[in-house]
Structures are given as structure tokens and as C-alpha cells.
Amino acid sequence: MTATPATSPYPHLLAPITLGSLTLRNRVVMGSMHTGLEDSRRHLPELAAFFAERARGGVGLIVTGGYAPNKRGWLKPLASEMTTRLQAMRHREVTDAVHEEGGAIALQVLHAGRYGYHPFVVSASKRKSPISLFTPRALSTRGVERTASDFARAVGLAEKAGYDAVEIMGSEGYLINQFLAARTNDRTDAWGGSAEKRMRFPLEVVRRARQEVGPDFPLIYRISLLDLVEDGQTWDEVVTLALLLEEAGVTVLNTGIGWHEARVPTIITQVPRGAWREATARLKAAVSVPVCASNRINTPELAESILADGQADLVSMARPLLADPDFVAKAMADRGDEINTCIACNQACLDHTFSNKRASCLVNPRACHETTLVLGRTRRAASVAVVGAGPAGLSSAVAAAERGFAVTLFEKSAELGGQFRLAMAVPGKEDFADTLRYYTRRLDVLGVDVRLGTEADEATLAAYDEVIVASGVVPRLPAIPGIDHPSVVSYADVLAGRVVPGHRVAVVGAGGIGVDVSVWLTHDPAETTDDWMAHWGVGDPSVHPGGLTERKARSPLREVTLIQRKTTPIGVGLGKTSGWAHRAVLKQSGVTQVSGATYDLIDDAGLHLTVDGEHRVVEVDHVVVCAGQESVRDLVSDARPDWYVVGGADVAAELDAKRAIKQGTEVVAGL
Ligand code: NAP
Ligand code: SF4
């Protein structure tokens, strides 16, 4: 790997740090993420390849997904656990693979408590979580003791498996957090009641773990800084716990924000970047062990500034390392502008995990498929033409150039990006601009012949060895009487800034784009991070336990009515881990939602609807059509069955960037 230049823009991030017996080559921690590869031993080779690629890319420390210390702590039936010596020995495949690449790896020990998705769940008390199906059994006093010992055993086994450190998961509302908060711990024995007694369980876990592994083995504890739930911990309790954890033998405090059941988004795109750095800084000021910042940090610049400002000693980034395994190597080589930035969409990572599917990444479909989606160097001296520079075309062009093909990219318009350009105009989706920056830079570095403002025709394309048609989509114009009325505009016109809608707007079509456009229409662009916190009710944790206070009402910029023909609730098809937050923003922004509508007419009076047999008129200045898309297939013909068709040009229905980028990459892998 390239050495860090003396004038690196990231001197703090790339500086080594010693944690007990372990010296890390830099301060970048790949945070824990459950990928789905942890749960079966037959996936260990793929897990090893996944981590090895990140170790090769220079990350300082990798933290695995969570492994339960016993069966009751499973995340789901037969989920990952570290309970036997045999399991530990099998993990050598993973730890050896990382060490061979010069990396270091920690095992995370996680007891799901009442978040487990199985009937044997246990917790501090018998209190069901609002996001779980199963009511937990309260652990008996002896059960608590045994569980603490199980944690210690898992830590000892991790050391035997060759892990360089262990992270004990004490945040995000899992078992340890359930012991800590009055919300979930109403025990009357020695493990509940006062704050001091609620803290006994994590302290006992750490003490026993420390005994198991000796004084120098790095023990990381992930502490919940802000529970963001009612009856969460007070800031005094958090700091007291941190100091006691230090005494009990913790080497590093990693930081977590929000329980899974919290109704405040903590990591998705709409959360301002670096939103939680102040909370981390507050903890750092109170303790003497190194502190690791995490959540919504996705660029080396932001990570560097957190370290340079003395707000943390390490920075944890989980999804950004899924998006780009070479994040650190690129930062080291001062090629930060070539990093494929995580856009915090959750679409292919957490949404997959929570749907029981293998995690991957929207901007990097190779993530967790390292052994099967291989972009090896080609030996063919072949030329490849790609038509269209939207998500599918960009991913095809870059992947083909990375394989060593001579690539020409034709784009009819004057700019790269296609639907990316529209997505990045949506409030809270600005990060898509980074995806466009990544592709633009990669095309340049790889020497792709980019021809903007050029429409490729069949004769031109016939000269190429391979042709990939990614000509994209056009917005659908539904056959509503009056659709040619001057008040009717397309979502593309609005998001591209070609039309500024008036104060009263009807949005036709409530799919992902209808919701996005409604947010755009009502959002105040002057919203600051402080405003965002206030709208979600995030308050000072030293005043409000759990950091949760009353929400400040939004002042929507427009009156919006969002309409669909389906009778299902609006927004049900949105992402599993982000849809609830988008739906909440619609509500907070006063968007009127109408389902089960028939569109009768658009005229000067507005949009005429029939709903439940009743006629009504929505009086509006503009009607924004978000009724899906249709494929552009001018170049698709039976005469050229050898041309590949990808993205929206292939299938427009339910097209999203995840499918487009994946398909483009897969087609190129098969060339
Ligand atoms: P979409 O999700 O297919 O939604 C279009 C909506 O328009 C449909 O829900 C449909 O609802 C309505 N519609 C379809 N044909 C119509 C017609 N002839 N007349 C009137 N209404 C009609 O498409 P999209 O919103 O354009 O989104 C495109 C893709 O981007 C989707 O895959 C979407 O998931 C993705 N996306 C995702 C997000 C996200 O947050 N994850 C955000 C933006 C976009 P009714 O038939 O019920 O009226
Ligand atoms: Fe980031 Fe989205 Fe990829 Fe997840 S799927 S790692 S959130 S870009």
C-alpha cells in the first residue's frame, strides 16, 4: 500500500494509535454491521473475503457483526454465536485472512435481549419492545449471573480465535442497554432499581471479560450516548457508567446513538452529517480512555475534522467501508475524491439485513459478494460503448474501464448523472452528489472517452465490440383529462429547478418520488442541524433523559396534497429502515394524504378527484406528476440481440439506483 504522504490532508485520521496490546495503523474503525454472512459456518469463506478486502484497503480495525454469547441472545433463530471452542477455531479462517492483509479485527459480542426475533428472548424485565413480536422473559437473578459469564466466555473464545480485540455491544437498545434504562428494567433484585444497580450488569460483564483475557487485551465497549427513547438514561448516568467501565477494564469506548425502537432517525441520509459529534466530544471530555465517534460520518474530511477538533480519538464508519473497501487506501494516497461515498440510504445494507437478506451496498454491489461478483482484468483488447450516463450507464462504464476495456460513454444531455441529478435535489438526499462526483472522477482517472451532448446511433455503435444500452427512462404522463393544462408539471421539471411550483400543490403518484417531491415542496432549505434536532425532539441529555424532548413543529413552505389510486397507506413501499422516517416527515410537514383516488380532470379549478364515491376538487396552483416512468428503448431492437440493455431502459417499473448499478456491474462482469 502507498505510504501516507507527508502533506496528507488527513494527518489525524491516518496516525497510528495503541490500544492495550494492539497498535492500529490508523484511526479508522470499520464499525460492526450484521451482513448475514455471520449466521452460517458455510459463509465463513465469503466473510473472510469480505473482511480481507477491507483489510487490504488499509482500514485500521474491523469490527465484525454481532455474535451472541448464548442462544437466548440470538438475533434470530440459529443466528451467529460465539459459544464453543470449535466455533472459535473455525473463525481462524476470518482472522487469518485479515492478518495476512496487515489488518486487525475485533469480534463484537452482542446479546439481542428483547430485540431477538425468536420465542426464547430474555431481558432485564418482561417488557415487550414496540418493534418486536416476542415478549421477553425476565432473566432470573442466577440467569443474569450466567449471562455475564457467557459474555466473558465469548470474549475469551474470540481471543482464542485470533481476534485482536472484542467489542461488547452496550448500546442501540440491546440487552445491556435494556438493563441500563429504567424504561426496560424494573427489577427489584441487585440488578435493577437504582441507576447504580442498573449499571451492575455491564460492569460485571466487563470485569469478567477482563479476567478472562488478562490486562492488555483490548476491550471495546459500545456505550449508548443518547438512548433517544422515553425513560432513557440521563447524561449523568452515561458518564458515571463510562467512568466505572474504565475502572472495570475497558480499553476504548465506542459510541452508539439511539435504540432501534427510537423514533428519531440516527443514520439515514436526512440526518445531517456529523450530527452526533458534539455528544461524543462531551463523553471524551469526561473520560481518559480513547473514545470512538460513530454514526453518520462518511467522508475522510469529516472524520479528520472530528479528530482534529479533539472530539474523539478514533472514528467508526461501518457503511462507508461497505461502499468502498479502499476508503483508507485512497485517503492515504490523497485520492479522497475517488472514494465511493456511502449515501446513507440503507437500501442494500440495513434494509436487506432487516428483511433477512444478505447485506450489500447500493453504490457497491460487490459488497458481501466479493467471491462471486468479480471484476477481473480482461485479456481482450475490446472496445465497449455505453449509451446513457445515468446510474446504470455510469456503473457499466466504470466497471468496464476497471476491467481494462476501452470504453466510450455517450450521453445525450450536456451532463452526467441522469436520475442521480434529480435524486440529489431532494432534501436529505444531497449525498447522491457524492456518487456523481465519484463516477465523474473515476471516468476521468480511468480514461473513459466521455461524449456529452452526443446521441449515439446504430451505425456509430456497430463499430464497437460490445454495446451496453443504458438509455434510461422518461417520466410517465398519465392519461388524465386535462393533463396538458398549464398547471401540470413533471417531477423532473421541479427537481431540476425548471419550474418553481406555487403555494398549493397536488402530487399525483405516491411512490418513492411522490414522497420525495412532497418533502421537497414543503422543506425549508434554510434548515440547520439545530433545527433538524429540534424537529425530531433531540434535546440536551443533561436536561432531558435519553436526550429526548418535545418536537418543534415544522413550518412547511407549501400546502401539499399527495395522492394515489391504491387504497393502501401511502409510503408502505418505502425502505424498511427509512420509510417510517419519511412518512413521519410527511406528517410533520402537514402533507394531506389521499389514497383510493380516481383522477377525473385537471382544469383551472384544480385537480378533480373521486374518492370513496365522492367528487372533490383539490384547488392548486400546480399539479406535479410523479406517476412512474417509461423505458427509453430507441436503440433496443431484435436486430441486435447481442447488445446488452440495462437499468430503466431494460425495465422501468420499480427501477431504483440499487438495481441499475447492480445490473450494470453484473453485465460488465460477464463480458
Ligand atoms: P413508483 O414507485 O412506481 O410510483 C409511481 C406511482 O405512480 C405509483 O405508486 C402509482 O400509484 C402511480 N401511477 C402509476 N401509473 C399511474 C398512472 N397511469 N396514473 C396515475 N398514477 C400512476 O415510481 P416512482 O415514485 O417514480 O419511483 C421510481 C423508483 O425509484 C421506484 O422504484 C422507487 O422505489 C424508487 N425510489 C425510491 C425512493 C426511496 O425512498 N427508497 C425514493 C425515490 C424513488 P397508484 O397506481 O396507486 O396511483
Ligand atoms: Fe451506504 Fe446505502 Fe451502501 Fe448502505 S446501501 S452502505 S447506506 S450506500
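Asks: Before we move on, can you summarise a negative patch on the surface with the specific residues and values?
Replies: Taken together, Glu455, Asp457, Glu458 and Asp634 make up a surface patch of like negative charges. Note on placement: Glu455 falls in the loop between β15 (449-452) and α17 (458-461).

Asks: Could you give an account of empty space enclosed by the protein, with specific residues and numbers?
Replies: Summed over all chains, the structure comprises two cavities of 30 Å³ or more. Reported here for the largest cavity is a volume of approximately 70 Å³. Lining the largest cavity we find Arg319, Leu322, Ala323, Cys342, Ile343, Ala344, Cys345, Asn346, Cys349, Cys361, Leu362 and Val363. Classifying every residue of the lining of the largest cavity by side-chain character gives ten nonpolar, one polar and one charged. Reported here for the second largest cavity is a volume of approximately 40 Å³. Around the second largest cavity sit Leu19, Val29, Leu61, Glu167, Ile220, Val252, Asn254, Cys292 and Leu314, which together line it. Of the residues contributing to the lining of the second largest cavity, the split by class is seven nonpolar, one polar and one charged.

Asks: Kindly report on the sheet that holds strand β25 (residues 622-625), identifying the contributing residues and their values.
Replies: Pairing between sheet strands relies on hydrogen bonds along the backbone, with the strands arranged either parallel or antiparallel. Reading across the sheet, the five strands line up as β18-β25-β19-β20-β21 and stay open at both edges, with parallel pairing between neighbours. Sheet topology places β18 (488-490) and β21 (592-594) at the edges, where each strand pairs with a single neighbour. Neighbour-to-neighbour, the strand axes of this sheet turn through a mean angle of 25°, independent of strand direction. Taken together, the four bridges between strand β19 (residues 504-508) and β25 define a ladder with parallel strand orientation. Across the sheet, residue Val505 finds its bridge partner in β25, namely His622. Packed onto the sheet, helix α19 (residues 512-522) meets β19, β20 (559-563) and β25 and runs at close to 175° relative to β20.

Asks: Can you lay out the domain arrangement of the protein chain for me, pointing to particular residues and giving the numbers?
Replies: By the assigned domains, the protein chain splits into domain 1 (32-353), domain 2 (383-473 + 630-669) and domain 3 (488-627). Placing a centre on the C-alpha atoms of domain 2 and another on those of domain 3 gives a separation of 31 Å. Counting from both sides, the interface comprises six residues of domain 2 and, opposite them, eight residues of domain 3. For the pair domain 2 and domain 3, the summed buried area comes to about 660 Å², and 70% of that belongs to carbon and sulfur atoms. Ranking the residues of domain 2 by area buried against domain 3 places Leu422, Val426 and Pro427 at the top, with a combined share of 65%. Taken together, the connections running from domain 2 to domain 3 amount to one salt bridge. A salt bridge links Asp516 to Lys429; the shortest N-O distance between them is 3.0 Å. Viewed at the interface, domain 3 and domain 2 are joined by one residue pair in polar contact (both at pLDDT 80 or more). Class assignment of the residues belonging to the side of domain 2 that touches domain 3 gives a composition of four nonpolar, one polar and one charged.

Asks: Requested: an account of the site of ligand 2, with residues and values cited.
Replies: What surrounds ligand 2 is the set Arg319, Leu322, Cys342, Ile343, Ala344, Cys345, Asn346, Ala348, Cys349, Cys361 and Leu362. Here the residues of the shell around ligand 2 sort into nine nonpolar, one polar and one charged.

Asks: So what about the site of ligand 1? Which residues, and what values?
Replies: Surveying the vicinity of ligand 1 reveals 20 residues, the closest of which are Ile513, Arg565, Lys566, Gln629 and Leu655. For ligand 1, an oxygen atom lies 3.2 Å from a polar atom in the backbone of Gly512. With respect to ligand 1, the backbone of Ile513 contributes an N or O atom lying 2.9 Å from an oxygen atom. In the complex, the protein chains occlude 79% of the 890 Å² of accessible area that ligand 1 would expose alone. Top element by residues in the shell around ligand 1 is α19. It accounts for three residues. Considering only residue class, the shell around ligand 1 consists of seven nonpolar, six polar and seven charged.

Asks: Explain the nonpolar core to me, and be specific about the residues and the numbers.
Replies: Formed by 179 residues in total, the largest nonpolar core has its most connected members in Phe201, Tyr221, Ile223, Leu253 and Trp276. Dropping the residues within four chain positions of it, Tyr221 is found in contact with Ile168, Gly170, Ile176, Leu180, Pro202, Val206, Leu241, Leu245, Val250, Val252, Leu253 and Asn254. Counting 18 residues, the second-largest nonpolar core is a separate cluster that includes Val488, Ala597, Tyr599 and Leu607.

Asks: Describe the sheet that holds strand β24 (residues 614-618), with residues and values.
Replies: Pairing in this open sheet of three strands is antiparallel, and the strands run β22-β23-β24 from one edge to the other. Lying at the two open borders of the sheet, with one neighbouring strand each, are β22 (597-603) and β24. Across the sheet, the mean angle from the axis of one strand to that of its neighbour is 25°, orientation sign disregarded.

Asks: Please provide a residue-by-residue account of the pattern of salt bridges, values included.
Replies: Under the defined criterion, the tally for this structure stands at 40 salt bridges. Residue Glu261 pairs with Arg183 through a salt bridge whose shortest N-O separation is 2.9 Å. Here Arg183 lies in the loop between α5 (175-180) and α6 (195-198) and Glu261 lies in the loop between β10 (252-257) and α9 (277-286), a separation of 78 residues in the sequence. Here Glu261 and Arg183 have matching classes, each one buried. For the salt bridge of Glu666 with Lys662, the shortest nitrogen-to-oxygen distance reads 3.0 Å.

Asks: I'd love a proper account of the pairing of strand β14 (residues 406-411), names of residues and values included.
Replies: Of all six residues that make up β14, five are buried, and the element is covered over most of its length. Here five bridges tie strand β13 (residues 383-387) to β14, and the two strands are oriented parallel to one another. Across the sheet, residue Val384 finds its bridge partner in β14, namely Val407. Once the chain exits β13 it traverses helix α14 (residues 391-402) before rejoining the sheet at β14, and the crossover so formed is right-handed. Sheet analysis places β14 next to β15, joined by four bridges and oriented parallel. Within β15, the residue paired with Glu411 across the bridge is Leu452.

Parameters at a glance
Residues numbered from 1 in each chain as written. Chains lettered and ligands numbered in written order. Predicted model: local features only at pLDDT ≥ 70, side-chain atom pairs only at ≥ 80, totals over all residues. Heavy atoms only, no water. Patch = residues over 30% accessible without salt bridge, like charges linked within 9 Å, V, L, I, M, F, W, Y side chains within 5 Å. Areas by Shrake-Rupley, 256 points an atom, 1.4 Å probe, with all protein chains shown as cover. Salt bridge = Lys/Arg side-chain N within 4 Å of Asp/Glu carboxyl O. Lys, Arg positive; Asp, Glu negative; His and termini not counted. Charge placed at Lys NZ, Arg CZ, Asp CG, Glu CD. Helix = DSSP H or I, 4+ residues; strand = E, 2+ residues; numbered from the N terminus. 1 Å grid on protein atoms, 1.4 Å probe; cavity = no way out; pocket = protein on both sides within 12 Å on 5 of 7 lines; lining within 4 Å. Points joined across faces, edges and corners; volume = space filled by probe spheres on them. Nonpolar A, V, L, I, M, F, W, Y, C, P; charged D, E, K, R; others polar. Pairing = 2+ DSSP bridges. Axes fitted to C-alpha atoms, helices over the stretch in contact; angles between N-to-C directions. Contact = heavy atoms within 4.5 Å. Domains from an automatic or database assignment. Buried area = accessible area lost by both parts, 1.4 Å probe. Polar contact = N/O pair within 3.5 Å; in protein donor to acceptor, adjacent residues only side chain to side chain. Near = heavy atom within 4 Å. Core = buried A, V, L, I, M, F, W, Y, C linked by side-chain atoms within 4.5 Å. Buried < 20%, exposed > 50% of the residue type's maximum accessible area, 1.4 Å probe, protein only. Right-handed = clockwise from strand over helix to strand, strands pointing away.

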